[in-house]
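Given next are the chains, with one letter for each unit.
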Amino acid sequence: MMNPVTEMMTKRNKTCILIPARLRSTRLPKKLLLALNDKSMIRTVFDKCEGFGYDTIVVTDSRDIADRIPIENVIMTDEDYDNGTDRLMHNVVDVIDYENYINVQGDNPDVTRKIIKAIETKLSDSLVVNAFTSLSEEEQNNKNCVKCVVTNDIIHWYTRNKISYGYKTLGFHGYKKNTSELWKNFKRYMEEKNEGIEQMRWIQNNVTLKGVYVDFNGIEINTIDDYNLWNSVQKS
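All of the points below concern the structure found in this document. Values in this document were obtained by computation on a predicted structure and should not be read as measured data.

What counts and how
Residues numbered from 1 in each chain as written. Predicted model: local features only at pLDDT ≥ 70, side-chain atom pairs only at ≥ 80, totals over all residues. Heavy atoms only, no water. 1 Å grid on protein atoms, 1.4 Å probe; cavity = no way out; pocket = protein on both sides within 12 Å on 5 of 7 lines; lining within 4 Å. Points joined across faces, edges and corners; volume = space filled by probe spheres on them. Helix = DSSP H or I, 4+ residues; strand = E, 2+ residues; numbered from the N terminus. Nonpolar A, V, L, I, M, F, W, Y, C, P; charged D, E, K, R; others polar. Salt bridge = Lys/Arg side-chain N within 4 Å of Asp/Glu carboxyl O. Buried < 20%, exposed > 50% of the residue type's maximum accessible area, 1.4 Å probe, protein only. Pairing = 2+ DSSP bridges. Phe/Tyr/Trp six-rings, centres within 6.5 Å; stacked < 30°, edge-to-face > 60°.

With that settled, the discussion passes to the layout of surface pockets. When its volume is computed, the largest pocket comes out at roughly 1400 Å³. R27, K31, D107, R160 and N222 are, among the 46 residues lining the largest pocket, the residues nearest its centre. Secondary-structure elements contributing two or more residues to the lining of the largest pocket are β1 (15-21), α3 (84-91), α5 (137-140), β10 (167-176) and α9 (224-235). Residue composition of the lining of the largest pocket, grouped by class: 10 nonpolar, 19 polar and 17 charged.

Given below as structure tokens:
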């Protein structure tokens, strides 16, 4: 269910940023409405992405979220999507005409222009891209941290389990034009359901998923501890 106002946006370039946003987070409910400094988390992420010079659209099923974003930058959807990729592939990708779509998770207030540019550049010769970074010893043991196994620039697998190798997966993804029909016809396997990592669907349906290494010293806010840490870092 697309907001027709979005069709009137003037395109600034061939790439747009999409922020899938829902309130039904299991680990930290309604986290996108929490305050980061003087703004909600979702508005903080939106403003940063807009400031990079890209058309930026928040895709949500929540009126509470939509009310915090300019109406021309919101697409309202139904509630029945298991994850952000499903929400984007069924409502935005290939519906609004861009060459590249970059998915920025709404709980990533430390997104940078360099990360967006790295994904955009990688999409020049890739169908699907996921950013990753170094994995600390503490993160190796943290089930809230999604890990990936990468050879050269190809991501082979993801897991939340404890591992002593690999990289930390970041909530920044890129898709080329014409990927939505692929996604809609994919089979969803048990391993993806068990791990709760939808990006595994690309791999298990034989699509080459490219990774791009980026420097990242920020905090992805998944839990109340992450939220408190982010605020304490800002005050220090």
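What follows picks up the thread again.
Quick look at the pattern of salt bridges now. Once their charged atoms are close, side chains differing in charge can pair, the charge on each being opposite to the other. For the structure shown, the criterion picks out 16 salt bridges. The partner of D107 in a salt bridge is K31, and the shortest N-O contact between them spans 2.6 Å. Placement of D107 in the loop between β6 (100-104) and α4 (113-122) and of K31 in the loop between β1 and β2 (35-36) is noted, with a sequence separation of 76 residues between them. Among the residues examined, D107 registers a relative accessible area of 11% and is labelled buried. One salt bridge in this structure joins K177 and D97, with 2.9 Å as the shortest N-O distance. Here D97 lies in the loop between α3 and β6 and K177 lies in the loop between β10 and α6 (180-184), a separation of 80 residues in the sequence. Under the relative-accessibility criterion, K177 is labelled partly exposed at 29%. On the accessibility criterion, D97 (43% relative accessible area) is partly exposed. When salt bridges that share partners are traced, they join D82, D86, R188, E192 and R201 into one network.

This part takes up the environment of N185. Tracing the backbone through its elements, the reader meets N185 in the loop between α6 and α7 (190-195). N185 gets classed as exposed once you look at its relative accessible area, which sits at 62%. Separated by 20 residues in the primary sequence, N185 and N205 have C-alpha atoms spaced 9.5 Å apart.

This brings us to the pairing of β6. Most of β6 is tucked away: 5 of the 5 residues are buried. Burial along β6 is two-sided: N100, I102 and V104 and Y101 and N103, pointing in opposite directions, are all buried. Bridge count between β1 and β6: 4 bridges; the pairing is parallel. Bridge pairing in β6 places C16 opposite Y101. Bridge count between β6 and β10: 5 bridges; the pairing is antiparallel. Of the residues in β10, the one forming a bridge with Y101 is Y175.

Turning next to unusual backbone geometry. Located in the positive-phi region is N178, a residue other than glycine, with phi close to 70°. Checked against the element boundaries, N178 lands in the loop between β10 and α6. Not every positive phi belongs to a glycine, and N206 is a case in point at roughly 70°. Tracing the sequence through the fold places N206 in the loop between α8 (200-204) and β11 (209-213). Judged by relative accessible area, N206 falls into the exposed class, the value being 74%.

Once that is clear, we can look at the packing of aromatic side chains. Inspection of the entire model under this criterion finds 9 aromatic pairs. When the centroid spacing of 6.0 Å and the interplanar angle of 70° are considered together, the rings of F172 and F216 count as edge-to-face. You can see F172 sitting in strand β10 and its partner F216 sitting in the loop between β11 and α9, a full 44 residues away along the chain. Its relative accessible area of 11% is what places F216 among the buried residues. Here W183 and W202 contribute two aromatic rings whose centre-to-centre distance is 5.0 Å and whose plane-to-plane angle is 50°, an arrangement assigned as tilted. Here the residue W183 occupies a position in helix α6, and W202 occupies one in helix α8, the gap between them amounting to 19 residues. Summarising the burial analysis for this pair, W183 and W202 share the class buried.

These results come straight from atomic positions and should not be treated as a statement about function.
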